[in-house]
Amino acid sequence: MDGNGRWAAARGLPRVAGHRAGAEAVRRCIRAAITRGVGCLTLYAFSSENWRRTPDEVADLTALLRYYLRHKVSELCREGVRIRVIGDLSRFDPDVRDEARRAEDLTAANTKLTLVLALSYGGRADIVQAAMRVAQAARSGAIEPGELDEALFSRFLLTADIPDPDLIIRTSGECRLSNFLLWQSAYAELIFIETLWPDFDERHFDAALETFARRERRFGARPAV
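Calculation notes
- Residues numbered from 1 in each chain as written.
- Predicted model: local features only at pLDDT ≥ 70, side-chain atom pairs only at ≥ 80, totals over all residues.
- Heavy atoms only, no water.
- Buried < 20%, exposed > 50% of the residue type's maximum accessible area, 1.4 Å probe, protein only.
- Helix = DSSP H or I, 4+ residues; strand = E, 2+ residues; numbered from the N terminus.
- Right-handed = clockwise from strand over helix to strand, strands pointing away.
- Core = buried A, V, L, I, M, F, W, Y, C linked by side-chain atoms within 4.5 Å.
- Contact = heavy atoms within 4.5 Å.
- Salt bridge = Lys/Arg side-chain N within 4 Å of Asp/Glu carboxyl O.

Engineer: Please provide a residue-by-residue account of the pairing of strand S2 (residues 81–86), values included.
Structural biologist: Taking burial as the measure, the 6 residues of S2 include 6 buried ones, the bulk of the element. Of the two faces of S2, the one carrying Val-81, Ile-83 and Val-85 and the one carrying Arg-82, Arg-84 and Ile-86 are both buried. Taking the sense of rotation as the criterion, the β-α-β connection linking S2, helix H5 (residues 94–107) and strand S3 (residues 113–121) turns out left-handed.

In structure tokens form, the structure reads like this:
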């Protein structure tokens with residue numbers, strides 16, 4: 001979800017205004033996913049690299065996160081949304097960590113949409129921590145090194161209970177993954193659009209789904225004759 005800062009700058013507004021507008025785009029995206037029958041939606045809400053931003057901007061971002069976790073989760077729960085949080089939550093204040101876990105617990109039984117919030121998440125860090133857990137399991141005798149394959153390794157990732165993405169959309173014209181679900185996105189379809197995230201709405205969501213539907217996914221195999 002990229003382009004909040006540029007959206008605000010184009011309007012002579014502070015960056016926090018762009019983040020607030022981006023939060024409204026999140027709500028539109030979630031509603032669109034529910035309406036279109038999408039089973040799992042992952043939002044890259046705060047990357048591990050976002051901690052490098054200015055202290056004021058980090059404070060604004062975490063304040064918005066705190067507000068939505070505290071005041072909007074009940075609404076999502078009523079809509080049948082299950083919330084999962086992935087990332088290094090230890091870097092957030094204790095109250096944010098508590099709100100994130102409360103959101104997961106409150107919505108755990110919901111089945112209409114799994115909403116994955118990637119917070120302080122980095123794809124490389126995810127792979128490294130998985131490798132460490134594999135090594136620990138092998139050392140303890142829980143697994144044999146010769147048993148390790150891609151399916152087993154995936155069980156040690158933060159997304160072990162979440163399907164790999166079929167489609168990844170990035171806004172604002174940037175054409176890179178920026179450390180997002182690097183292992184999991186091996187065969188995801190990628191769509192890059194010029195629209196800034198605060199302007200993203202149901203039309204853009206539908207256009208991405210239509211583009212996805214036209215693509216032929218071969219997963220390395222030859223197309224059927």
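Picking up where we left off.
Engineer: Lay out the nonpolar core in plain terms, naming residues and giving numbers.
Structural biologist: In terms of nonpolar packing, the biggest core is built from 34 residues, with Leu-41, Leu-69, Ile-83, Phe-92, Leu-115 and Leu-119 touching the most fellow members. Listed by contribution, the elements that provide at least two residues to this core are helix H2 (15–35), strand S1 (40–47), helix H3 (55–71), helix H4 (73–78), S2, H5, S3 and helix H8 (202–214). Among residues more than four places away in sequence, those in contact with Leu-119 are Ala-45, Phe-46, Leu-65, Val-85, Ile-86, Gly-87, Asp-88, Leu-89 and Phe-92. Core analysis: the next-biggest nonpolar cluster, separate from the first, contains 10 residues, Ile-86, Ile-168, Leu-181 and Ala-188 among them.

Engineer: Which residues make up the environment of Asp-126, and what are the values?
Structural biologist: Relative to the elements of secondary structure, Asp-126 occurs in helix H6 (residues 123–140). On the basis of relative accessible area, Asp-126 is assigned to the buried category, the value being 1%. Through-space distance from the C-alpha of Asp-126 to that of Arg-170 is 20 Å; in sequence the pair is 44 residues apart.

Engineer: I'd like a rundown of the pattern of salt bridges, residues and numbers included.
Structural biologist: Scanning all chains against the criterion turns up 22 salt bridges. Arg-36 serves as the salt-bridge partner of Asp-206, at 2.7 Å between the closest nitrogen and oxygen. Within this pair, whereas Asp-206 is found in helix H8, its partner Arg-36 is found in the loop between H2 and S1, the two being separated by 170 residues in sequence. Residue classification places Arg-36 among the partly exposed residues on the basis of a relative accessible area of 32%. The salt bridge involving Arg-217 is made with Glu-189; its shortest N-O contact spans 3.8 Å. Taken together, the positions of Arg-217 in the segment after H8 and Glu-189 in strand S5 (residues 189–192) put the pair 28 residues apart, joining distant regions of the chain.

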